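Each chain, letter by letter, is given below.
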Amino acid sequence: MPLGGPGLPQVRRLLTEVPGPRSRALAARRRAAVSAAVGSSMPFYAAAAAGGVVVDVDGNSFIDLGSGIAVTSVGASAPRVVEAVTEQVSQFTHTCFMVTPYDAYVAVAEALNEITPGDFEKRTALFTSGAEAVENAVKIARAHTGRTGVVVFDHAYHGRTNLTMAMTAKNMPYKEGFGPFATDVHRAPLSYPFRDGVDLEGNPIDGPAAAARAIAVIEKQVGASNVACVVVEPVQGEGGFIVPAEGFLPALLEWTRAHGIVFVADEVQSGFARTGAMFACEHEGIVPDLVTTAKGIAGGLPLSGVTGRAEIMDAPVVGGLGGTYGGNPVACAAALAALATVREEGLLERATALGALMTTRLQALARRDPRVGDVRGRGAMMAVELVEPGTHVPDAALAARVAREATQRGVMVLTCGTYGNVLRFLPALAMPEPLLAEAFDVLDEVFAGTGATA
Ligand code: PMP
């Protein structure tokens, strides 16, 4: 009998210390078998997961506020996904779309063309990982424009392949020792409301001002006519769940339009219902030229895509895009089932409701505890930035301690941020609300017990 699926009790339950004996035994085997360079946030090993919980090999049940880094939005064993995958596996696991095409790939492309912003003619190409989608978006933009420059932002995360390492901002641990990196990738300042402050004249750096600052850097250091694409996360993920100030993205988009630059929204983390909209761009009415998707799109199976304007997507030479596993039929079946789940279970509304609950709880915490410098996010993509009280000095040690302590009490919390001082909250959209409330009770306890002297 499988443990996962709808039968898995949605409870927080600790039967052993964390990690328990079975997890410790697996950790010993892992040390002898797995590269030490591959890290894990949690000290326990998974046996089953569904809805809002992960159950470990010792029978402990954790409330999961990470969803495998924003992947299992519909749950980690969502019934429609399990059924569709099982059905597809029994038909065929793989033919390679570049050899023998199949229906599910086309259906996913049709779905992505429909749900991404913009009512113009679109095309989609499917890949396997988020990084691969971003790389291919750059390839497509270069083929379309005949230019090579790529503009990315401070705090950006776009992946770990060679090109996307160059695009990712943070050195440690993503880039350390791995250079040289791809050339013609240029970094511009982002809008980061908590840290932007005022300009030299004392005016607040709002969204349009932050866009003007970024555009000035690009024009001076790269030249608009050399830029193939601007790649931006509409809500920055790994960099700290930074929501750019209102007006930043529209002003940037307008500037790219004026200069024939392809605007790529990297929605790998923020997309697919996570923020209470199908895509985070929609919160500001942004219509990108290309959108990259991955993570939540296929209920846990590896699938990614680039979707956008037909004339841009069709620019590379025939055969220029692809990959052995890109748009694997099992992953495509899962994606169609995940999309059906989002629609039929009203998960956009659920994301908004979970976001409202988290915002209320986090704002209350911030009022009580001066170490919470900022509460931000959209929908079920929320975060707090932790600082030394009364300052903007990042407190990464506190973030690590809170995450560790929460794990010990049966709640999984992930950290992020350039300074490592952000706690991010990404529950499955299938998370029962009472369970989410319980997780925030635990976090309150942890914060109350994690004083300056703790
Ligand atoms: N872009 C963004 C915005 C991401 O958050 C991530 C993953 N954290 C990636 C790209 C890379 O995705 P993957 O790990 O699937 O390659």
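1. Description of the overall build of the chain
Step number 1: For the chain, the helix and strand inventory stands at 14 helices and 15 strands.
Step number 2: For 454 residues, the compact-globule estimate of 2.2 N^0.38 gives 22 Å, and the C-alpha radius of gyration of the chain, at 22 Å, lies within 12% of that figure.
Step number 3: Structurally, the chain occupies a C-alpha span of about 65 × 60 × 45 Å along its principal axes.
Step number 4: The buried share of the chain, taken over its 454 residues, is 54%.
Step number 5: Counted over contacts in the chain with a minimum sequence separation of 6, partners at least 24 positions apart contribute 74%.
Step number 6: Surface summary for the chain: the accessible area is close to 18,400 Å², and the carbon and sulfur share equals 56%.

2. Considering the site of the ligand
Step number 1: Around the ligand, the surrounding shell consists of Ser 129, Gly 130, Ala 131, Tyr 157, His 158, Gly 159, Glu 233, Glu 238, Asp 266, Val 268, Gln 269 and Lys 295.
Step number 2: Interatomic distance of 3.3 Å between a side-chain N/O atom of Glu 238 and a nitrogen atom of the ligand.
Step number 3: One of the side-chain N or O atoms of Gln 269 is found 2.8 Å from an oxygen atom in the ligand.
Step number 4: Compared with its free state, where it exposes 400 Å², the ligand has 83% of that area covered by protein.
Step number 5: Classifying every residue of the shell around the ligand gives three nonpolar, five polar and four charged.

3. A few points about the domain arrangement of the chain
Step number 1: When cut into domains, the chain gives domain 1 (21-64 + 346-448) and domain 2 (82-344).
Step number 2: Each of domain 1 and domain 2 has a C-alpha centre, and the two are 25 Å apart.
Step number 3: Contacts between the two partners involve 32 residues from domain 1 and, on the opposite side, 28 residues from domain 2.
Step number 4: Between domain 1 and domain 2, a total of about 2,400 Å² is buried, with carbon and sulfur atoms accounting for 58% of that surface.
Step number 5: Broken down residue by residue, the surface that domain 1 buries against domain 2 is led by Leu 348, Arg 378 and Met 381, which jointly contribute 31%.
Step number 6: Across the domain 1-domain 2 interface, the total number found is two salt bridges.
Step number 7: For the salt bridge of Arg 195 with Glu 385, the shortest nitrogen-to-oxygen distance reads 2.6 Å.
Step number 8: Counting residues per element, the ones that place at least two in the side of domain 1 that touches domain 2 are helix 12 (347-368), strand 11 (372-378), strand 12 (381-386) and strand 15 (422-425).
Step number 9: Take the side of domain 1 that touches domain 2: its biggest share by element is five residues, from strand 11.
Step number 10: Of the residues that constitute the side of domain 1 that touches domain 2, the class distribution is 17 nonpolar, 10 polar and five charged.

4. Comments concerning the layout of surface pockets
Step number 1: The volume enclosed by the second largest pocket comes to roughly 400 Å³.
Step number 2: Looking at the lining of the second largest pocket, the elements that each hand over two or more residues are helix 4 (103-115) and strand 4 (122-127).
Step number 3: Top element by residues in the lining of the second largest pocket is strand 4. It accounts for five residues.
Step number 4: Classifying every residue of the lining of the second largest pocket gives 13 nonpolar, six polar and two charged.

5. Regarding the pattern of salt bridges
Step number 1: Scanning the model with the defined rule gives 21 salt bridges in all.
Step number 2: We note a salt bridge from Arg 80 to Glu 345, for which the minimum N-O separation is 2.8 Å. In this pair, Arg 80 sits in helix 3 (residues 79-91) while Glu 345 sits in the loop between helix 11 (329-344) and helix 12, placing the two residues 265 residues apart along the sequence.
Step number 3: For Glu 345, a relative accessible area of 43% gives the class partly exposed.
Step number 4: Connected through salt bridges with shared partners, the residues Arg 195, Asp 374, Arg 376 and Glu 385 form a single ionic network.

Cut-off values and rules
Residues numbered from 1 in each chain as written. Predicted model: local features only at pLDDT ≥ 70, side-chain atom pairs only at ≥ 80, totals over all residues. Heavy atoms only, no water. Helix = DSSP H or I, 4+ residues; strand = E, 2+ residues; numbered from the N terminus. Rg over C-alpha atoms; globule rule 2.2 N^0.38 Å. Buried < 20%, exposed > 50% of the residue type's maximum accessible area, 1.4 Å probe, protein only. Contact = heavy atoms within 4.5 Å. Areas by Shrake-Rupley, 256 points an atom, 1.4 Å probe, with all protein chains shown as cover. Near = heavy atom within 4 Å. Polar contact = N/O pair within 3.5 Å; in protein donor to acceptor, adjacent residues only side chain to side chain. Nonpolar A, V, L, I, M, F, W, Y, C, P; charged D, E, K, R; others polar. Domains from an automatic or database assignment. Buried area = accessible area lost by both parts, 1.4 Å probe. Salt bridge = Lys/Arg side-chain N within 4 Å of Asp/Glu carboxyl O. 1 Å grid on protein atoms, 1.4 Å probe; cavity = no way out; pocket = protein on both sides within 12 Å on 5 of 7 lines; lining within 4 Å. Points joined across faces, edges and corners; volume = space filled by probe spheres on them.

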